[in-house]
Amino acid sequence: MAGGVLALMMALSAGAQVPDAGVPDAGVQAAPRFAWPRLQVIAHVESSDIVEAGGIPVALRAVHVKENIRDLVQRFADAFRDGGLYVPPGKEQAQYANNAAMLTALDPRRRITYTVVMMPQPDGTTTLYLGEANHALARPPEAAGDFAPLPPRANGVLRVNAEGSRTLSFQVPLTGPEVQAFYDDALAKAGWKRGDEAGLYSRPGAELRLTHQPGKDGQRGVVLVHQQRAR
């Protein structure tokens, strides 16, 4: 899955506030679990996967569909509402660049958030990224065992674990050169070697990629991705 889409979906999944609606009253039948609307699928972009974001299990999948993005925005909004989900107002929905759109809805009874990112393609078709975050199965995220250190004053830390890779993202009040200098020093001490490509480090059996960009209020968004590789 595209790195930027994944990072945004993970942040939404971990940060969403889902109230515990409790157990349904006896004799009251709960609404069926939400099902994604049926679409004209061209191809599954990649197989389904389960990752852990901030201690929350998230099911992810990506599909390429024939429908155009204009029709899909309303289609998903209607499907969420018809499925009995709470859809936050537009001003509370995350914004996405490059003409893409994103919608998030909540099932407070089951404590599940549903997120869809719609990315238009030049031929009028759309690539969809679908995510389901189950807050009812959340567990406290663990800082122990991080694959890289955090700079002082790092905040908003999010840890994502998937098969074969781990991601560490956060905000920090540093400049780009300060972030780079911190990790050049810290990773060198931990046995990582800088690669020819900017932000790429390696050591036997593993690869680490560092990206960062300016954020709001003097903060800088930092993402580190650790992947296993063949020796």
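Residues numbered from 1 in each chain as written. Predicted model: local features only at pLDDT ≥ 70, side-chain atom pairs only at ≥ 80, totals over all residues. Heavy atoms only, no water.

## Topic: the overall build of the protein chain
In terms of regular secondary structure, the protein chain is built from 3 helices and 11 strands. When burial is assessed residue by residue, the protein chain has 39% of its 231 residues classed as buried. Pairs at least 24 residues apart make up 55% of the contacts formed inside the protein chain by residues separated by at least 6 positions. Taken as a whole, the protein chain presents about 13000 Å² of accessible surface, with 51% of it coming from carbon and sulfur. (Helix = DSSP H or I, 4+ residues; strand = E, 2+ residues; numbered from the N terminus. Buried < 20%, exposed > 50% of the residue type's maximum accessible area, 1.4 Å probe, protein only. Contact = heavy atoms within 4.5 Å. Areas by Shrake-Rupley, 256 points an atom, 1.4 Å probe, with all protein chains shown as cover.)

## Quick look at the packing of aromatic side chains
Per the counting criterion, the structure on display carries 8 aromatic pairs. When the centroid spacing of 5.8 Å and the interplanar angle of 80 degrees are considered together, the rings of W36 and Y114 count as edge-to-face. A residue pair is termed long-range when its members are at least 10 positions apart, and W36 in the loop between helix 1 (3–15) and strand 1 (41–53) and Y114 in strand 4 (residues 112–120) qualify at 78 residues. By relative accessible area, which is 0% here, Y114 ends up buried. When the ring of F182 is compared with that of Y183, the centres are 4.9 Å apart and the planes differ by 85 degrees; the resulting orientation is edge-to-face. Given the relative accessible area of 24%, F182 is considered partly exposed. For Y183, a relative accessible area of 0% translates into the label buried. Following the ring pairs from residue to residue traces out a cluster consisting of F34, W36, F76, F80 and Y114. (Phe/Tyr/Trp six-rings, centres within 6.5 Å; stacked < 30°, edge-to-face > 60°.)

## Digging into the nonpolar core
With 21 residues, the main nonpolar core has W36, F76, F80, V116, M118 and L128 as its most contacted residues. Looking at this core, the elements with two or more residues in it are strand 2 (56–65), helix 2 (69–82), strand 3 (101–107), strand 4 and strand 5 (126–134). Sorting elements by how many residues they give to this core places helix 2 first, with 6 residues. (Core = buried A, V, L, I, M, F, W, Y, C linked by side-chain atoms within 4.5 Å.)

## As for the environment of V65
The topology assignment puts V65 in strand 2. In this structure V65 comes out as buried when scored by relative accessible area, which is 0%. Taking the C-alpha atoms as reference points, V65 and Q121, separated by 56 residues in sequence, lie 9.9 Å from one another. Ignoring anything within four residues of it in the chain, the contact list for V65 reads L39, Q40, V41, I42, L72, T125, T126 and L128.

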